[in-house]
Structure formats: C-alpha cells, structure tokens
Amino acid sequence: MADQNDKNVDALAQEITLKSRGQGKLRQFILWMGALIIGAILGWQHIPALNELFNFIAAVFTRLFQFIAIPTVSLAVITTLSMLGAKKDTGRIFGHAVVYTLLTTVCAAAVGLGLFLWIAPGNLPLDVIGAGAAQVPEKLGSVTYYDHFLSVVPNNILQPYLQANVLSVMFISASVGLAFAFMPRTENREAVLKVLFGLQELLFTLIKALLYVLPIGILAFAGQLSAQIEAGVIVGALGKYTAVVIGGNLIQFFIVIPLFLLFRGLNPVDVFRKMSPAVAVALFTKSSAATLPVTLASAEDNLKAHPAVARFVLPICTTINMNGCAAFILVTSLFVMQNAGMELTMGTMVAWLFIAVLAAIGNAGVPMGCYFLTLSLMSSIGAPIGLLGIILPIYTIIDMIETAENVWSDASVCAMVDHDLQGKLDDSSGDDMPQFQGA
C-alpha cells in the first residue's frame with residue numbers, strides 16, 4: 001500500500017512539473033536574461049535618443065508595478081484570511097501553525113540580516129547613489145519609530161491606498177479578512193466575497209500580461225543602468241547582494257529548518273525524504289500554490305499526517321509561511337536604502353526585520369509578491385526603486401530557491417503541528433474539510 005501511495009505522489013509530481021514546463025518557464029528565463037544582456041550592451045553605447053527611450057520605458061514599467069502592487073497584495077490578504085473559520089479543531093491547529101510560521105520566518109529574516117552584515121554588499125557608484133539620495137524625503141531622518149508605527153494605524157480607509165502605505169493597507173486588509181472569516185455565513189457575505197475573488201482573478205490576469213511584456217522592461221532597466229555606471233561595479237555589488245539572498249535561503253533550508261524538526265523530536269532526513277516530491281516540484285514550478293496538490297498528497301500519503309492538519313495547515317502555510325520572501329524583502333530593502341545614502345543603524349535594521357516578517361506573511365502567495373511588496377515598501381518611504389529593475393532577472397533565479405525553501409518550510413510546519421497534536425484531534429475532523437487545489 002505504501003508503494004502504491006509513493007507511485008501516486010510521484011505521478012502527480014511528474015504531471016504538475018511537466019505542465020509547468022509546458023507553460024514556458026525556460027523560455028521566460030531565456031528571454032529575461034537575453035533582455036538583460038542586450039539592454040546592458042545598448043546602454044553602454046551611450047546613444048542619447050536610445051537612453052531617453054530606455055528612461056521612458058523604465059518609468060512606465062515602474063508606474064505599472066506601483067499601480068498593481070497595492071490592490072493585489074490587499075486582495076490576497078483579505079481572501080486568504082477569509083478562508084479561516086470556526087470549524088472543529090481549527091483554532092488549535094491554526095495556533096500551532098502560526099507559532100511555527102512566525103518562528104521560522106523570523107529566523108529566515110535574521111539569517112539574511114546576519115549575512116548582509118557579514119558579506120556587506122558594496123554601494124553602487126556615487127552618481128547613482130547621489131541621484132537616489134536626492135529622491136529621499138528630507139523629513140525621513142526626523143521621523144521617530146513612534147511616528148512610524150503610529151502611521152500604520154489608518155484614520156481613513158482610502159488614504160493608505162492613495163499614499164501606497166503598504167503596512168497600513170495590510171492592517172486594513174487583515175482586519176477585513178478576519179471579519180469575513182468570523183462573521184455569519186450569510187448571502188451578503190458570500191456575494192461580497194465572490195466579487196473580491198473575481199477582482200483577485202482579474203488582477204492575476206493583469207500580472208500575467210505584465211510578465212508577458214516584462215522583457216521589454218528588463219531591457220530598458222538594464223540599458224538605463226549600464227548607461228550610468230560601470231559594468232564591473234554592477235557585477236560586484238549585485239554579486240554580493242545575490243550571495244546574501246541565496247546564501248540565507250540555503251542556510252535556512254539545510255540548517256535552520258532541520259534544527260526546528262530535531263527540537264520537536266522529528267527526523268529531518270525522514271521528513272525531507274517523504275516530502276521530497278513536493279520540494280522538487282516547487283523548484284521547477286516556482287509556485288507554492290501550483291505545488292500544493294503534491295504537497296498535500298505527500299503529507300497525507302507519505303508523511304501520514306492527520307487529514308485535518310494537512311488540509312488546513314498546508315493551504316494556509318502556502319499563503320503566509322514565506323521564509324524566503326522575508327529574507328528577500330529585508331535584504332533587498334536594506335540594499336536599496338544603503339545605496340540611497342540612508343543611515344542603517346542596528347535599530348533601523350532590526351525594525352526592518354520585523355517589517356519584512358509582517359510583509360512576508362501578508363504576501364499571501366501573490367505572483368511575484370515578494371518583489372511587489374519590496375517595491376511598495378521602498379516607494380512608501382521615498383527610497384529610489386530604480387535598482388529593483390536590474391534585480392528582476394536575478395529574482396527569477398532566487399524565486400526557484402525561495403519557492404523550494406517555502407514548500408520545505410510548509411512541510412516541516414505541517415509535520416511539527418501533526419506531531420504536537422497527535423492523538424488530540426477528532427478522527428472525523430478532517431472529513432468535512434475541503435481538498436485544496438493549487439492555482
């Protein structure tokens with residue numbers, strides 16, 4: 001019977017992987033890298049008319065990113081939290097899952113911060129830093145932490161959206177999502193939720209369209225940047241930045257998460273072996289949501305997790321347990337702020353660690369959500385966001401590793417919750433829970 005389960009999981013993993021490859025992932029990566037190289041070469045030619053065109057295209061794509069980021073993140077948080085309910089054992093399972101999610105995500109961000117301080121990615125040339133520093137509001141340095149956190153609490157429902165205050169937007173979205181989760185299941189509630197889910201699908205379609213034409217934007221960003229600074233400096237600074245992000249992901253994957261499992265009395269090698277089909281699919285698909293059917297099948301058939309735990313924890317973790325995203329947001333934000341000439345004290349970096357953790361949890365599985373969130377956060381404090389353009393092709397590679405790490409973390413959280421609640425759940429509590437399917 002066990003062999004049959006393994007075959008079923010492997011077949012499902014192979015099917016989803018092949019389907020993902022058929023969606024043009026490799027083609028997309030080649031296009032993005034080609035656009036980066038061609039843009040850098042063209043920008044290096046210093047042709048005034050071409051540079052003006054690159055500046056215009058880069059500005060258009062930056063505005064499009066800003067336009068779509070806030071509503072997409074907001075709707076994702078609302079719809080995710082609206083799925084929570086008061087079903088039997090849900091509160092107990094959710095409590096354990098949230099604790100492990102917070103602990104692993106904070107650790108991921110802390111590892112990223114530690115590597116950032118150790119490797120210390122250098123600044124880009126002074127002309128770019130000076131141009132970026134000029135865009136930082138003068139009042140930024142005088143804003144206290146009290147003022148900053150107070151500004152998160154809105155006194156107007158529209159103002160945070162109009163000002164692109166991403167933390168306030170997530171505060172509103174979380175409040176609305178939780179209200180939907182625990183309000184009576186009336187026709188009016190279902191009607192409003194149906195509209196919100198429809199708007200979310202619409203925004204996802206817009207994102208797909210934006211990704212389709214993104215090579216043009218990457219070409220412009222690369223041309224714009226190479227026209228301003230020397231290629232050797234770009235490679236050096238971005239190389240160290242990439243080493244910090246990827247190195248943090250690898251430490252989290254191979255050291256931190258296994259230590260969590262060991263502390264809970266679980267064998268990390270055994271858990272990984274049983275969940276390896278899901279981790280492999282995540283690496284190829286770059287989507288935790290697309291991997292979800294394999295993750296669920298691996299957890300129930302291989303790991304023998306309680307259905308009530310697997311079917312609740314894994315879909316929730318797919319949307320809120322973003323270890324890799326937290327590290328990316330923190331490291332990228334610090335890198336951008338550093339290049340903008342902003343002073344990074346230890347207090348500032350620790351504060352941003354917790355901001356990155358909250359933002360990652362609020363990401364809720366949005367396509368390119370980590371990138372959009374980082375862009376929104378940087379925009380909200382007035383930091384220059386031009387550097388995020390050149391990070392796009394690098395993010396494609398990072399995204400593969402991050403997704404595999406996120407799914408591995410999801411599986412580990414599921415294993416730990418199942419271990420903690422063994423023998424404490426009603427055997428029938430998983431029967432009325434829906435089977436979740438990946439997007």
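Residues numbered from 1 in each chain as written. Predicted model: local features only at pLDDT ≥ 70, side-chain atom pairs only at ≥ 80, totals over all residues. Heavy atoms only, no water.

**Describing the overall build of the protein chain**
Broken down by element type, the protein chain carries 18 helices and zero strands. Counting every position in the protein chain, which comprises 439 residues, the buried fraction comes to 52%. Long-range pairs, those at least 24 residues apart, make up 86% of the contacts in the protein chain with a sequence separation of at least 6. Summed over its atoms, the accessible surface of the protein chain is roughly 19700 Å², and 67% of this surface lies on carbon and sulfur atoms. (Helix = DSSP H or I, 4+ residues; strand = E, 2+ residues; numbered from the N terminus. Buried < 20%, exposed > 50% of the residue type's maximum accessible area, 1.4 Å probe, protein only. Contact = heavy atoms within 4.5 Å. Areas by Shrake-Rupley, 256 points an atom, 1.4 Å probe, with all protein chains shown as cover.)

**Looking at the packing of aromatic side chains**
Inspection of every chain in the model, using the stated rule, returns five aromatic pairs. Ring centres of Phe253 and Phe254 lie 4.8 Å apart, and the angle between their planes is 55°; on these two criteria the pair is classed as tilted. Plain terms: the ring middles of Phe253 and Trp408 are 5.9 Å apart, the flat faces sit at 35° to each other, and that makes the pair tilted. Taken together, the residues span a long stretch of sequence, with Phe253 in helix α11 (residues 231–263) and Trp408 in helix α18 (residues 387–420) at a distance of 155 residues. (Phe/Tyr/Trp six-rings, centres within 6.5 Å; stacked < 30°, edge-to-face > 60°.)

**Describing a nonpolar patch on the surface**
Residues Leu53, Phe56, Val60, Leu64, Phe67, Val195, Leu199, Leu202 and Leu206 make up a contiguous nonpolar surface patch of roughly 820 Å² in combined accessible area. In terms of residue count, helix α3 (residues 48–82) provides more of the nonpolar patch than any other element does, five residues in total. Here Phe67 lies in helix α3. Given the relative accessible area of 56%, Phe67 is considered exposed. (Patch = residues over 30% accessible without salt bridge, like charges linked within 9 Å, V, L, I, M, F, W, Y side chains within 5 Å. Salt bridge = Lys/Arg side-chain N within 4 Å of Asp/Glu carboxyl O.)

**Digging into the confidence of the model for the protein chain**
With 74% of its residues at a pLDDT of at least 70, the protein chain reaches an overall mean of 77. Throughout residues 128–145 the model reports pLDDT below 50, and contacts reaching past four residues in sequence, or to other chains, amount to 26 contacts. In this model residues 428–439 is a low-confidence stretch, pLDDT under 50, and it forms 30 contacts with partners more than four residues away in sequence or in other chains. (pLDDT = per-residue confidence, 0-100.)

**What about the side chain of Glu402?**
Assignment of secondary structure puts Glu402 in helix α18. Excluding residues within four positions of it along the chain, Glu402 makes contact with Val245, Asn249, Gly324, Cys325, Phe328, Cys370 and Tyr395.

**Some thoughts on helix α14 (residues 307–320)**
Its 14 residues give α14 an end-to-end C-alpha distance of 20 Å, which sits within 8% of 20 Å, the value for a rise of 1.5 Å per residue. With 13 of 14 residues buried, α14 is to be regarded as a mostly interior element. (Expected span 1.5 Å × (residues − 1).)

**Some thoughts on the pattern of salt bridges**
Enumeration according to the criterion identifies five salt bridges in this entry. For Asp270, the salt bridge is made with Arg273, and the minimal N-O distance between the two is 3.0 Å. Within this pair, Asp270 and its partner Arg273 are both found in helix α12 (residues 268–285), separated by three residues, close to a single helical turn. When salt bridges with common partners are traced through the structure, they connect Asp270, Arg273 and Lys274 into a single cluster.

**Here's the deal with the environment of Phe253**
Owing to a relative accessible area of 11%, Phe253 belongs among the buried residues under this scheme. Each C-alpha atom, one on Phe253 and one on Gly324, is 9.4 Å from the other, the two residues being 71 residues apart in sequence. Residues in contact with Phe253, not counting those within four places in the same chain, are Pro258, Phe272, Val279, Ala404, Glu405 and Trp408.

**What to know about the nonpolar core**
Grouped together as the largest cluster of nonpolar side chains are 69 residues, with contacts concentrated most on Phe328, Ile329, Leu330, Trp352 and Met378. Per-element tally for this core: the top contributor is helix α15 (residues 323–339), with 10 residues. Apart from the residues within four sequence positions on either side, Phe328 is in contact with Tyr241, Val245, Ser333, Cys370, Tyr371, Thr374, Ile391, Tyr395, Ile398 and Glu402. Residues Tyr100, Ala310, Val313 and Ile320 belong to the second largest nonpolar core, which totals 36 residues. (Core = buried A, V, L, I, M, F, W, Y, C linked by side-chain atoms within 4.5 Å.)

**Examining the environment of Ile30**
If you trace the backbone, Ile30 turns up in helix α2 (residues 25–44). Sequence separation between Ile30 and Pro215 is 185 residues, and the spatial gap between their C-alpha atoms is 9.8 Å.

**A short note on unusual backbone geometry**
Excluding glycine, residues mostly carry a negative phi; peptide bonds, for their part, are mostly trans. A positive phi angle, near 50°, is found at Ala120, a position not held by glycine. Of the residues examined, Ala120 reaches a relative accessible area of 40% and is grouped as partly exposed. Unlike most non-glycine residues, Lys304 shows phi in positive territory, near 60°. Of the residues examined, Lys304 reaches a relative accessible area of 51% and is grouped as exposed.

**Focus on helix α16 (residues 346–361)**
Residues lying three or four places apart along an α-helix face the same way, a consequence of the helix completing one turn every 3.6 residues. Look at α16: 23 Å from first C-alpha to last across 16 residues, which is about the 22 Å you get at 1.5 Å a residue. Considered for burial, the residues of α16 that qualify are Thr348, Met349, Ala351, Trp352, Leu353, Ile355, Ala356, Val357, Ala359 and Ala360.

**Section: the packing of α15 against α16**
Relative orientation of the contacting elements α15 and α16 amounts to 135°, with a least axis distance of 8 Å. Compared by their axis directions, α15 and α16 come out oblique. For α15 against α16, the interelement crossing comes out right-handed. Residues Cys325, Ala326, Ile329, Leu330, Ser333, Leu334 and Met337 of α15 lie in contact with α16, whose contacting residues are Met349, Trp352, Leu353, Ala356, Val357, Ala359 and Ala360. Split by residue class, the contact of α15 with α16 holds 13 nonpolar, one polar and no charged. (Axes fitted to C-alpha atoms, helices over the stretch in contact; angles between N-to-C directions. Parallel < 35°, antiparallel > 145°, perpendicular 65-115°, else oblique. Left-handed = near helix turned anticlockwise from the far one by under 90°. Nonpolar A, V, L, I, M, F, W, Y, C, P; charged D, E, K, R; others polar.)

**Some words on the state of the cysteines**
Within this structure, the stated rule accounts for zero disulfides. Lacking any disulfide linkage, Cys317 is separated from the closest cysteine sulfur, that of Cys414, by 7.8 Å. With relative accessibility at 1%, the residue Cys317 sits in the buried group. (Disulfide = S-S within 2.5 Å.)

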